[in-house]
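Now for the letters of each chain:
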Amino acid sequence: MLLAQTAVGCLIAATTLSMGRAAQVITIKDGNTILVEDNSERILIRLACIDAPEIGQDPYGSEARHYLYTLIPPSSKVTLRLKAITKDQRMVAEVFKDGENINMKMVEAGHAMIREKYIKKCDSKTFARLEQSAKNAKIGIWGSTETIEKPWKYRLSHPTTNR
């Protein structure tokens, strides 16, 4: 059972996660979703403030997932700072490892972009600076001469495939 799928579990976890809660990474689902274990409960976490290409948006989706895996491989100890709970009861959090903001590292490396719709609860100035730096350096998703479709638009046109 995923704790994030139960309303009661979400309320309990939300209280503890908002202050920062230690967890262990179980697996990396994609470039902005991880499964962690916290007090013997498994919680699906979506990285806050960012959006990474979907797996079907190759090569960028696979690259984003791989880069996140290098930052926080399974068994990594992380700290989660809850930002929101989605309508489908998924937790949205900033993820830290050894004091570094993993969400920001994904943007800084060009493997994720700011999600304007959700950036208000984050350090928007730092995220914007990191994204612009990645764009200027033409790294990750910003390195191609072709424009990548924004992940949220890709999901609308591919509701269940390649995700």
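Above this text you will find the structure in question.
Rules used throughout
- Each chain carries its own residue numbering, running from 1 in the written order of its sequence.
- With pLDDT at 70 or above as the cut-off, local features in this predicted model cover only qualifying residues; side-chain atom pairs require 80 or more to be listed or tallied, and sums for whole chains, interfaces and linings still use all residues.
- The side-chain figures draw on all heavy atoms in the structure; neither hydrogens nor water molecules are used.
- In this description a helix means any DSSP run of H or I spanning at least four residues, a strand means any run of E spanning at least two, and both kinds are numbered starting from the N terminus.
- What is meant by a nonpolar core is a set of buried Ala, Val, Leu, Ile, Met, Phe, Trp, Tyr and Cys residues, joined one to another through side-chain atoms within 4.5 Å.
- Per-residue accessibility, obtained with a 1.4 Å probe over protein chains only, is compared with the maximum for each type, and a residue is labelled buried under 20%, exposed over 50%, and partly exposed between these values.
- Should any heavy atoms of two residues lie within 4.5 Å, those residues are considered in contact.
- Here, any two strands with at least 2 DSSP bridges between them count as paired.
- Any carboxyl oxygen of Asp or Glu that lies within 4 Å of a side-chain nitrogen of Lys or Arg is treated as forming a salt bridge with it.

A. Focus on unusual backbone geometry. In this chain, Asp-58 is followed by Pro-59 through a cis amide linkage whose omega measures 5°. Looking at where Pro-59 falls in the secondary structure, it is placed in the loop between strand 4 (50–51) and helix 2 (60–71). Positive phi, close to 85°, is recorded for Ser-75, a residue that is not glycine. One can find Ser-75 in the loop between helix 2 and strand 5 (77–85).

B. Representation of the nonpolar core within the structure. In terms of nonpolar packing, the biggest core is built from 33 residues, with Ile-34, Val-36, Ile-45, Ile-72, Val-95 and Phe-127 touching the most fellow members. Counting only elements with at least two residues in this core, the list comes to strand 1 (21–30), strand 2 (33–38), strand 3 (41–47), helix 2, strand 5, strand 6 (91–97), helix 3 (102–108) and helix 4 (124–137). Sequence-distant contacts of Ile-45, defined by excluding residues within four places in its chain, comprise Asn-32, Thr-33, Ile-34, Val-36, Leu-80, Met-91, Ala-93 and Val-95. By size, the runner-up hydrophobic cluster in this structure holds seven residues, among which are Tyr-60, Ala-134, Ile-141 and Ile-148.

C. Representation of the pairing of strand 2 in the model. The buried fraction of strand 2 amounts to five of the six residues, a majority that puts the element mostly inside the structure. For strand 1 and strand 2, the ladder comprises five bridges, and the chain directions are antiparallel. Considered in strand 2, the bridge of Gln-24 is made with Glu-37. Connecting the antiparallel pair strand 1 and strand 2 is a turn made up of two residues. Relative to strand 3, strand 2 is paired through six bridges, and the arrangement is antiparallel. Residue pairing across strands places Glu-37 opposite Arg-42, the latter belonging to strand 3. With antiparallel pairing between neighbouring strands as the criterion, strand 2 and strand 3 make up a hairpin whose turn holds two residues, including Asn-39 at a positive phi of roughly 50°.

D. Local environment of the pattern of salt bridges. Inspection of the entire model under this criterion finds eight salt bridges. With a shortest N-O distance of 3.7 Å, Arg-115 and Asp-51 are connected by a salt bridge. Taken together, the residues span a long stretch of sequence, with Arg-115 in the loop between strand 8 (113–114) and helix 4 and Asp-51 in strand 4 at a distance of 64 residues. Salt-bridge contacts for Lys-135 lead to Glu-131; the nearest nitrogen and oxygen are separated by 3.5 Å. Taken together, the residues Lys-135 and Glu-131, both in helix 4 and four residues apart, mark about one turn of the helix. Through salt bridges with shared partners, a single network forms among Arg-46, Asp-51 and Arg-115.

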